[in-house]
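Summary of structural features
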There are 2 protein chains.
Amino acid sequence: MYIVIMAGGSGTRFWPASKEDYPKQFLNIISDKSLIEETFCRVKSLVKKEENIILVINQIHKEITEKIFKKHNVKIIVEPFSRNTAACIGLAAMHIKKEAGNAPFIVMPADHFIANHKAFKSILQVAANSLKDNQINTIGIVPTRPETAYGYIELGKKIARIKDITLYKVKKFVEKPDMKKAASFLYQGNHLWNTGIFAFKTNTILKEIHTFLPDLYNGLTKIENSIGTEKYDAVLKNVYEKFESVSIDYGILEKTKTSICALKGDFGWSDVGSWQSLYLLRLNEMDSSGNILDCNGLNMECKNIFVFSRSNRLITTLGLKDTLIVDMPDTLLVADINKSQDVRKIVEELKKKEKL
Amino acid sequence: MYIVIMAGGSGTRFWPASKEDYPKQFLNIISDKSLIEETFCRVKSLVKKEENIILVINQIHKEITEKIFKKHNVKIIVEPFSRNTAACIGLAAMHIKKEAGNAPFIVMPADHFIANHKAFKSILQVAANSLKDNQINTIGIVPTRPETAYGYIELGKKIARIKDITLYKVKKFVEKPDMKKAASFLYQGNHLWNTGIFAFKTNTILKEIHTFLPDLYNGLTKIENSIGTEKYDAVLKNVYEKFESVSIDYGILEKTKTSICALKGDFGWSDVGSWQSLYLLRLNEMDSSGNILDCNGLNMECKNIFVFSRSNRLITTLGLKDTLIVDMPDTLLVADINKSQDVRKIVEELKKKEKL
């Protein structure tokens, strides 16, 4: 079994802590470890040897990744360009196929939070072990609120129950809903949050790519032929640049006739999608007034504030409510924490004004 | 005529912009000039030569003062210790007496804001020119709100009217009132705000000091005898250390039987006593949402916020209301602007925790 950790993203949700050359997955925003290292540590006991864990990263993050993983024998695949999840998974599949033939593998994002590691590992094992040829497994999460920031999986009939875990046929993948739809999903109980964690064998997913994304498939075979040769880097760069940027969900999963199974998970999951969600995750650091103060500072009469500092400055706060303060050596963000989803608007505006 | 600008204070109201070795009067918080330079420029046309303006400063601010006034022939008197306004005024009076005998002089704080310079200079001229021996003039301001942060002057009967300015006998000086009293002062109309601006001749004030603060008087005569000799610094240091720390208001004005006149002023005055009062003073920098952004930054969806930055950082704000942000190279303050009076509590707490 292989595990592929996808770390190619370069989001702006955690600006100004995250930057293009230092995105969220490389930040130590939850613990003293970066999210990608947390993800690696969480799953490494599932594989026989560390080399069976593959990190797919972007070229610009090669140095920081090698620094974080210098003590591990993890395999690193470098994408010369960002081309979304279909290309990323295809590239990983080709490498695994070359090494191990029609092996099962699990792909997962590098930047998620998992509360219950034991339950998480247990469901991953079932997802990998229950795989048949021409089958795709995906992990869904029982919703606990009418979340409009996540995609959903609509469940069909129950297929099996393995080790406390129920498997369903997937009826369809649903894009981020509006509040009315999200509330009805919660009420109906037949929808799960789409985590972006999938399991398949190499032949299965490559066949799907062949069917639905033939250009990608052709490019991948060129790359496959160059693996292990000195031409690899040049071929990869040349071929990768031309790939269409498309997600595995949109490019394949929403179209395929192949059987997709959802495993119903309940292990405390978050995609850590905003400063506010991070604030709510770090609840064991909260004081009795709901404040999280990750800084050298002094707080007076504040309620529900989150201070995140990576400068060495003294941070003092007085009489604030529901406020986010992100203090970086070169940039300060002070925001209503309930509007932290709009941080990307600030980044857009700064780019427009050429201040970034 | 002489003008004495008292700049010995070391307040914490504008922390973290002001520090003990860099208090408010040396900050450029209203314009690109420091408050002490603003005060000097405002009054210099009232005296025949720049040397007739005397700055009384503390030893620790000598360097910064000399830097600010390097192009001016202002006279600088250095206090080796802070001993409040009675000692400060007595020391200045002795120096003036030595140079010009029984000359009139005006004393004023270095860190106030004046909107209407013409009206201000006009009232100062009347205050100095109308002085008789054994008379003290003071400038009071017509209250525009029930302010509890100021001392008041209770007016007696009208004495005279000179050039549009009415002079009253002072009935008594009133310490900072509670809200009920402040509201009644506003309602009755016979109280003025005490600005701490006074005019007297040297003999008058030294006689008062002789009567009510005899120890101070004895010390001052020792200093007087040493002025112009090489012993001056040593005598000053030795004598000054032993002076009681007492204000001119409490030590003399509240006790004297000498005639005190209040000149009724109305020229847009503020003691710039808090970040909030500074925010309200700088109204011509306010945008249509009530924000003042004195920084390199980007603001989105905020209302009534005041950003004051003296670092070179990028400051971004999102969805805030009534918020004060003071961004200094080594310290950040984020506060409810309505609680900016409590900044001193933060300073006290930081000192207690040895973080300052």
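Overview of the structure.

Rules and cut-offs
- Residues numbered from 1 in each chain as written.
- Chains lettered and ligands numbered in written order.
- Predicted model: local features only at pLDDT ≥ 70, side-chain atom pairs only at ≥ 80, totals over all residues.
- Helix = DSSP H or I, 4+ residues; strand = E, 2+ residues; numbered from the N terminus.
- Buried ≥ 20, exposed ≤ 12 C-beta atoms within 10 Å, placed from the backbone.
- Axes fitted to C-alpha atoms, helices over the stretch in contact; angles between N-to-C directions.
- Parallel < 35°, antiparallel > 145°, perpendicular 65-115°, else oblique.
- Left-handed = near helix turned anticlockwise from the far one by under 90°.
- Contact = placed C-beta atoms within 7 Å.
- Nonpolar A, V, L, I, M, F, W, Y, C, P; charged D, E, K, R; others polar.
- Pairing = 2+ DSSP bridges.
- Core = buried A, V, L, I, M, F, W, Y, C linked by C-beta atoms within 7 Å.

This next bit is on unusual backbone geometry. Residue and element names in this part refer to chain A. Here the amide bond leading from Trp15 into Pro16 is cis, since omega sits at 5 degrees, within 30 degrees of zero. Of note, Pro16 is situated in the loop between β1 (2-7) and α1 (35-43). With a phi angle near 55 degrees, Asn304 is a residue other than glycine that sits in the positive phi range. With respect to the element layout, Asn304 can be found in the loop between β13 (296-300) and β14 (306-309). Residue classification places Asn304 among the partly exposed residues on the basis of 17 C-beta atoms within 10 Å.

All names here are of chain A. At their nearest, the axes of helix α3 (residues 84-100) and helix α6 (residues 202-212) sit 9 Å apart, and the two run at 135 degrees to each other. By the criterion of interaxial angle, the relationship of α3 to α6 is oblique. The two elements α3 and α6 cross, and the hand of that crossing is left-handed. Contacts from Ala86, Ile89, Gly90, Ala93, Ile96 and Lys97 of α3 reach α6 at Thr202, Ile205, Leu206 and Ile209. Taken together, the residues of the contact of α3 with α6 break down into 7 nonpolar, 2 polar and 1 charged.

Let's shift gears to the interface of chain B and chain A. Facing the 28 residues of chain B at the interface are 28 residues of chain A. For the side of chain B that touches chain A, the elements supplying multiple residues, two or more each, are β13 (296-300), β15 (314-318), β16 (323-327), β17 (331-336) and α11 (343-352) of chain B. The biggest single contributor to the side of chain B that touches chain A is β17(B), with 6 residues. The residue inventory of the side of chain B that touches chain A, partitioned by class, reads 14 nonpolar, 5 polar and 9 charged. As judged from the 5 bridges shared by strand β15 (residues 314-318) of chain A and β17(B), these two strands associate in the parallel manner.

All names here are of chain B. Across the 11 residues that make up strand β9 (residues 191-201), a large majority, 10, are buried. In this structure, strand β4 (residues 104-109) lies alongside β9, joined through 4 bridges in antiparallel fashion. Paired with Pro104 across the two strands is Lys201, which belongs to β9. Note that strand β6 (residues 135-141) and β9 share 4 bridges and pair antiparallel. Looking at the pairing, Thr138 lines up with Phe198 of β9. Direction of pairing for strand β7 (residues 152-162) relative to β9: antiparallel, over a ladder of 3 bridges. Among the inter-strand pairings, Tyr152 is bridged to a residue of β9, identified as Trp193.

A few words now on the sheet that holds β17(B). Spatially, 6 strands are ordered β13(A)-β15(A)-β17(B)-β16(B)-β14(B)-β12(B) in an open sheet, and the strand pairing comes out mixed. Only two strands of the sheet have a single partner each, and these edge strands are β13 of chain A together with β12 (292-294) of chain B. Pairs of neighbouring strands in the sheet enclose a mean axial angle of 10 degrees, with direction left out of account. Pairing analysis gives 5 bridges linking β13(A) to β15(A), with the strands arranged parallel. Looking across to β15(A), one finds that Gly297(A) is bridged to Ile315(A). Strand contacts of α11(B): β13 and β15 of chain A together with β17 of chain B, with the helix running at about 130 degrees to β13(A), the strand carrying the most contacts.

Once that is clear, we can look at the pairing of strand β16 (residues 323-327) of chain A. All names here are of chain A. Most of β16 is tucked away: 5 of the 5 residues are buried. Taking every second residue as pointing to the same face, both faces of β16 are buried, with Thr323, Ile325 and Asp327 on one and Leu324 and Val326 on the other. Direction of pairing for β14 relative to β16: parallel, over a ladder of 4 bridges. Each residue of the ladder has a partner; that of Ser309, found in β16, is Asp327.

On to the nonpolar core. Ranked by size, the top nonpolar core spans 210 residues in total, and within it Val4(A), Ile5(A), Ile106(A), Val4(B), Ile5(B) and Ile106(B) carry the most contacts. Setting aside residues no more than four positions away along its own chain, Ile106(B) makes contact with Ile3(B), Val4(B), Leu124(B), Ala127(B), Ala128(B), Ile197(B) and Ala199(B).

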